[in-house]
Amino acid sequence: MNVHRFRAMGCDVVLAGGDPAAVASVFERWEEAFSLFRPSSEIARVNAAASPALAVSPFLASTLQIALDVAADTDGLVVPALGEVRLRGGVLSRPPGVQLDLNGVVKALAVDEAAARLAGPGFVSCGGDLAVRGPVDVGLPGGGAVLVVEGGLATSGTATRGRHLLDPRTGEPSDSPWSQVTVSGSTCLAADVAAKAAYLLGHDGPAWLDARGMPGRFVDEDGSVMCNAAWDGSLVCT
Amino acid sequence: MAQSRIDAARARARGAKLGLGTLAVVVVGTAFVGVKSHAAGHTKHRARALAAPPSFEQAVRRSALAGGQIAPPVQPPPIVTSTS
């Protein structure tokens, strides 16, 4: 399996089973619209606008709708903004000063779309979050490995960027006991969102994942590993 | 006699106007179609929104927060998951 690498969205993108240029063009399209670091991106222009109501592109509207659905599915743990955001008929409305941040879903969506466009068996990973086409063995944080048969795998936590995940319930960086939470989802988006939510939920994370039938592996600050019942049902927790 | 010459002249004028009008419509129409299909900057098909394919969005929404399939590893992994 030929593995290719390039940089996008501030991460290392690793792929196998597809044309690197085609995958790069998928990431570029998402980044062009949703990067907070590109003043020309639509989301940067929306955030810079003073108007409380704005007509947005179909691309931004559909992505924001996915983010709002995710917020509802996670009971507000993974949200597109720290403030109330509404979308109706392609018109975005929000209180003054509320900034949109769709990074919680955009990277995973780009990974899922790129994986869906692979010509054959392989995978696409961005910053360690990945989606597969056909079974792929994947290394786990702290050692061990898992065969991802279908869907995606994502890890959230503090190991790489410190306490960067804000808890929307408090507006403060999360004080989760976990350093890394890895989740297997039907898509990279599902895995990524569930990993963030399970991380933010702390000790309630394993049960929250089990209630959704999502396998999860938790590494605490001391490096100890525990897995939820859904993970234990598929392979030995190491 | 004079009246019939005037009528004939009017008929010729009507014919000429009709011919010139028809020619103008044909020339403008041909030029319009030609420009539409050849000139750079003119869309040659219906514009599509810059977005992910609708089928992809539907698939993503259908599978929101559903578990994936995992199994014991079978060989050394070519990729590692990590925090991002």
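Residues numbered from 1 in each chain as written. Chains lettered and ligands numbered in written order. Predicted model: local features only at pLDDT ≥ 70, side-chain atom pairs only at ≥ 80, totals over all residues. Heavy atoms only, no water.

### With respect to the sheet that holds strand β3 (residues 53–55) of chain A
Hydrogen bonds along the backbone pair up the strands of a sheet, which may run parallel or antiparallel. Residue and element names in this part refer to chain A. Across the sheet, 3 strands lie side by side as β3-β5-β4; this open sheet has antiparallel pairing. Bordering the open sheet on either side are β3 and β4 (86–88), each of which pairs with just one other strand. The average angle at which neighbouring strand axes cross in this sheet is 20°, direction not considered. One ladder, built from 3 bridges, connects β3 with strand β5 (residues 91–93); its direction is antiparallel. Paired with Leu54 across the strands is Leu92, a residue of β5. (Pairing = 2+ DSSP bridges. Helix = DSSP H or I, 4+ residues; strand = E, 2+ residues; numbered from the N terminus. Axes fitted to C-alpha atoms, helices over the stretch in contact; angles between N-to-C directions.)

### Description of the state of the cysteines
Residues and elements named next belong to chain A. A full pass over the atoms with the stated rule returns 1 disulfide over all chains. Shown here is the disulfide that connects Cys227 with Cys237, its sulfur atoms set 2.0 Å apart. Handedness here is read from the sign of the S-S torsion; for Cys227 and Cys237, about 75°, the answer is right-handed. Of the two residues, Cys227 sits in strand β14 (residues 225–227) while Cys237 sits in the segment after α7 (229–232), which places them 10 residues apart along the sequence. Classification of Cys227 as buried rests on a relative accessible area of 9%. Here Cys11 stays free of any disulfide, with the sulfur of Cys126 as its closest cysteine sulfur at 3.9 Å. On the accessibility criterion, Cys11 (13% relative accessible area) is buried. (Disulfide = S-S within 2.5 Å. Buried < 20%, exposed > 50% of the residue type's maximum accessible area, 1.4 Å probe, protein only.)

### Details of empty space enclosed by the protein
The final tally for this structure, using the stated rule, is 2 cavities of 30 Å³ or more. Estimated volume of the largest cavity: approximately 40 Å³. Taken together, Ala67, Val70, Val78, Val79, Pro80, Asp101, Leu102, Gly104 and Val105 of chain A form the lining of the largest cavity. At the level of elements, α3 (58–73) and α4 (103–116) of chain A are the ones that each hand at least two residues to the lining of the largest cavity. If you add up the space inside the second largest cavity, you get close to 30 Å³. Taken together, Val70, Leu189, Ala190 and Val193 of chain A together with Ala64 and Leu65 of chain B form the lining of the second largest cavity. Take the lining of the second largest cavity: its biggest share by element is 3 residues, from helix α5 (residues 188–200) of chain A. Grouping the amino acids of the lining of the second largest cavity by side-chain chemistry returns 6 nonpolar, no polar and no charged. (1 Å grid on protein atoms, 1.4 Å probe; cavity = no way out; pocket = protein on both sides within 12 Å on 5 of 7 lines; lining within 4 Å. Points joined across faces, edges and corners; volume = space filled by probe spheres on them. Nonpolar A, V, L, I, M, F, W, Y, C, P; charged D, E, K, R; others polar.)

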